[in-house]
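# Analysis of the macromolecular model
Take a look at the letters that make up each chain.
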Amino acid sequence: MKNIANIVLNDFTNDSRVWKISKSLANLGYKPNVVAMHNDGLKVSELVAGVEVERIKLTTRPWPKWKPVQLLKYLEFILRAFWRYRKVDLVHCNDLNALPIGVIIKFFGNNVKVIYDCHEYETETNGLKGVEKKAKKCLERFLIRFADQVVTVSDSIANEYVRLYGIPKPRLVLNCPAFIEQPKGNLFRELLGIRSDQVIFLYQGALITGRGVELLLEAFSDLENDKNVLVFMGYGPLESLIHEKTEASKVIFFHPAVSPDVLLNYTSSADYGVSFIEGTCLNYSYCLPNKMFEYLMAGLPVLTSNLVEMKLLVETECLGVVATNNTVEGFKKAVQIALDQNYNATQNNVFKTREKYCWEEQEKVLKEIYDAL
């Protein structure tokens, strides 16, 4: 049985992709071990839904969050992870910050294979600039050649890696949920007092800038009637702004984030899913976010901003409406177009499409990747 170190530089308390990959690898006959960072209150070793997890304790962890000190913490993690897992057969590196560990283990190990799993376009993320951006680009350019397989989450990002680094095209393992015949829910109407004749547009996910939150709030703040309502479900820095708007509006609602095991029960309680990410960086422009697939699995037609990958998916499969432009007026127009469409016909397309975009299909790709190694 091949031993796999599945390395991620977080504390593995809310990383569904790493968990799904580990679970799938176990099902395929491998022995994965998630290698994460330790935080206060968490176990060093534990079994999470059948997946072995080890969190590495750092001596430097309590030190200040100053950039040079953060680098020392990172180096300590690299050294401890390398020493602990230097004899594994495969290293699955989740994102760029885990890749150095895999490459070092490959150098000192015996025919160790390395998979570089890019969860996003890491060198083009929102807010990344200056020396840090240049350093990440140089690091990725140098290390990616040592990966036996590169995996990413959208075709546009895969094409960029081919263009930038001259590597074989990365395989796509999309951020899809497991397939489920999710029945229609009614939780938002019951919990938030939304009427049966009101149409619910749902935003779920991180409440941060760059995701269109402020734009959506503005679009719903001056509606002429209360036929359409907007529900936010998630957490993040913009939560206080949303609370302010809910107090001033009868058509904007908030619900706290819920655990993954009940998420689709809530999602299916809406009528449309909204993903209005702003194209403020190439990572956003080329993204195909997991909430898109969560909306589809819950049976929701979607409204999206006019970005490459989301536009292609929605228009190819006829899953909803893509805004003509990423503005308040563009979103309002998209809402009207959605309401004028045949809802049942669009939803039937959603039901068909979710059978293709589910984790079971992604697991087949994962099997092909590991079998080839």
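Each remark here, short or long, concerns the structure printed above.
A brief look at the structure comes next. This is a predicted model, so every value here is computed, not measured.

The rules we used
- In this numbering scheme, every chain counts its residues from 1 along its sequence in written order.
- Residues qualify for local features only when their pLDDT is at least 70, as the model is predicted, and side-chain atom pairs are given and counted only at 80 or more; totals for whole chains, interfaces and linings, by contrast, use all residues.
- Computation of side-chain values: all heavy atoms of the structure, hydrogens and water removed.
- Strands here mean DSSP runs of E at least two residues long; helices mean DSSP runs of H or I at least four residues long; both are numbered from the N terminus.
- Throughout, radius of gyration means the C-alpha value; the globule benchmark is 2.2 Å times the number of residues raised to the power 0.38.
- We call a residue buried when its accessible area falls under 20% of the maximum for its residue type, exposed when it is over 50%, and partly exposed in between, using a 1.4 Å probe and counting protein chains only.
- Contacts: residue pairs with any heavy atoms within 4.5 Å of one another.
- In these tables, accessible area is a Shrake-Rupley quantity obtained with a 1.4 Å probe, and a residue counts as shielded only by the protein chains included in the view.
- When charges are counted, neither His nor the chain ends are considered; positive counts come from Lys and Arg and negative counts from Asp and Glu.
- Charged side chains are reduced to one point each, which is NZ for Lys, CZ for Arg, CG for Asp and CD for Glu.
- Between the rings of Phe, Tyr and Trp (Trp by its six-membered ring), a pair exists once the centres lie within 6.5 Å; its type follows the angle of the planes, with under 30 degrees stacked, over 60 edge-to-face, and the other angles tilted.
- When DSSP finds two or more bridges between a pair of strands, those strands are recorded as paired.
- Whether a crossover is right-handed depends on one test, that the path from the first strand over the helix to the second runs clockwise when the strands point away from the viewer.
- Throughout this description, the term salt bridge denotes a Lys or Arg side-chain nitrogen within 4 Å of a carboxyl oxygen of Asp or Glu.
- The definition of a nonpolar core used throughout is a set of buried Ala, Val, Leu, Ile, Met, Phe, Trp, Tyr and Cys residues joined through side-chain atoms within 4.5 Å.
- The angle between two axes is taken between their N-to-C directions and runs from 0 to 180 degrees, where each axis is a line fitted to C-alpha atoms and a helix contributes only its stretch in contact.
- Crossing chirality is assigned from the near helix's rotation relative to the far helix, an anticlockwise turn below a right angle marking it left-handed and a clockwise turn marking it right-handed.
- Any residue outside Ala, Val, Leu, Ile, Met, Phe, Trp, Tyr, Cys, Pro, Asp, Glu, Lys and Arg is labelled polar, Gly included; the first ten of those are nonpolar and the last four are charged.

Bringing the overall build of the protein into the picture now. The secondary structure content of the protein amounts to 15 helices and 14 strands. The C-alpha radius of gyration of the protein comes to 22 Å, within 12% of the 21 Å expected for a compact globule of 373 residues. Counting only C-alpha atoms and orienting by the principal axes, one finds that the protein spans roughly 65 × 45 × 40 Å. A burial count over the protein gives 51% of its 373 residues as buried. Sequence-distant contacts, at least 24 apart, represent 64% of the contacts inside the protein between residues at least 6 apart. By element, 53% of the accessible surface of the protein is carried by carbon and sulfur atoms, the whole surface being about 17400 Å². Positive and negative side-chain charges of the protein, numbering 44 and 44 respectively, have mean locations separated by a distance of 6 Å.

With that settled, the discussion passes to the packing of aromatic side chains. Evaluation of the coordinates by the stated rule reveals 15 aromatic pairs. Through successive ring pairs, a cluster of aromatic residues spans Phe 201, Phe 220, Tyr 272, Phe 276, Phe 331 and Tyr 343.

Quick look at the environment of Glu 329 now. When you line up the elements, Glu 329 lands in helix H13 (residues 328-340). Linking Glu 329 and Ala 219, residues 110 residues apart in sequence, is a C-alpha distance of 7.4 Å.

This part is about the pairing of strand E7 (residues 149-152). Neither face of E7 is open: one carries Gln 149 and Val 151, the other Val 150 and Thr 152, and all of them are buried. Looking at chain direction, strand E6 (residues 113-117) and E7 are connected through three bridges and run parallel. Residue pairing for E7: Tyr 116 is matched across the bridge by Val 150. Chirality of the crossover, the property in question, places the unit of E6, helix H4 (residues 130-143) and E7 among those that are right-handed.

Applying the stated criterion to the full structure yields 22 salt bridges. Between Glu 368 and Arg 171 there is a salt bridge, with the nearest N and O atoms lying 2.7 Å from each other. One end of the pair, Glu 368, is in helix H15 (residues 359-372); the other, Arg 171, is in strand E8 (residues 171-172), with 197 residues separating them in the sequence. Residue Arg 195 pairs with Asp 226 through a salt bridge whose shortest N-O separation is 3.0 Å. A residue pair is termed long-range when its members are at least 10 positions apart, and Arg 195 in the loop between helix H6 (187-192) and strand E9 (199-206) and Asp 226 in the loop between helix H7 (213-221) and strand E10 (228-235) qualify at 31 residues. For Arg 195, a relative accessible area of 36% translates into the label partly exposed. For Asp 226, a relative accessible area of 31% gives the class partly exposed. What emerges from the salt-bridge pattern is a single network uniting Glu 124, Lys 133 and Lys 137.

With that out of the way, let us pick up the nonpolar core. Phe 188, Phe 201, Leu 216, Phe 220, Phe 232, Leu 303 and Phe 331 are the most contacted members of the largest nonpolar core, which has 63 residues in total. Ignoring anything within four residues of it in the chain, the contact list for Phe 220 reads Phe 201, Asn 228, Val 229, Leu 230, Ser 249, Val 251, Ile 252 and Phe 331. By size, the runner-up hydrophobic cluster in this structure holds 36 residues, among which are Ile 7, Ala 81, Tyr 85 and Val 91.

Even without being a glycine, Phe 12 presents a positive backbone phi close to 55°. Relative to the elements of secondary structure, Phe 12 occurs in the loop between strand E1 (3-7) and helix H1 (16-27).

The next subject is the packing of H7 against H13. Running from amino to carboxyl end, H7 crosses H13 at an angle of 65°, the nearest separation of the two axes being 9 Å. Between H7 and H13 the crossing geometry is right-handed. Residue-level inspection shows Leu 215, Leu 216, Glu 218, Ala 219 and Phe 220 of H7 in contact with H13, the latter providing Val 328, Phe 331 and Lys 332. Among the residues forming the contact of H7 with H13, the class breakdown is six nonpolar, no polar and two charged.

Moving on, we come to the sheet that holds strand E13 (residues 302-304). What the six strands build is an open sheet, ordered E11-E10-E9-E12-E13-E14; its pairing is parallel. A single partner strand is all that each edge strand has here, and the edge strands are strand E11 (252-256) and strand E14 (320-322). When the angles between neighbouring strand axes are averaged without regard to direction, this sheet yields 20°. In the sheet, strand E12 (residues 272-275) pairs with E13 via three bridges, with the strands oriented parallel. Across the sheet, residue Gly 273 finds its bridge partner in E13, namely Val 302.

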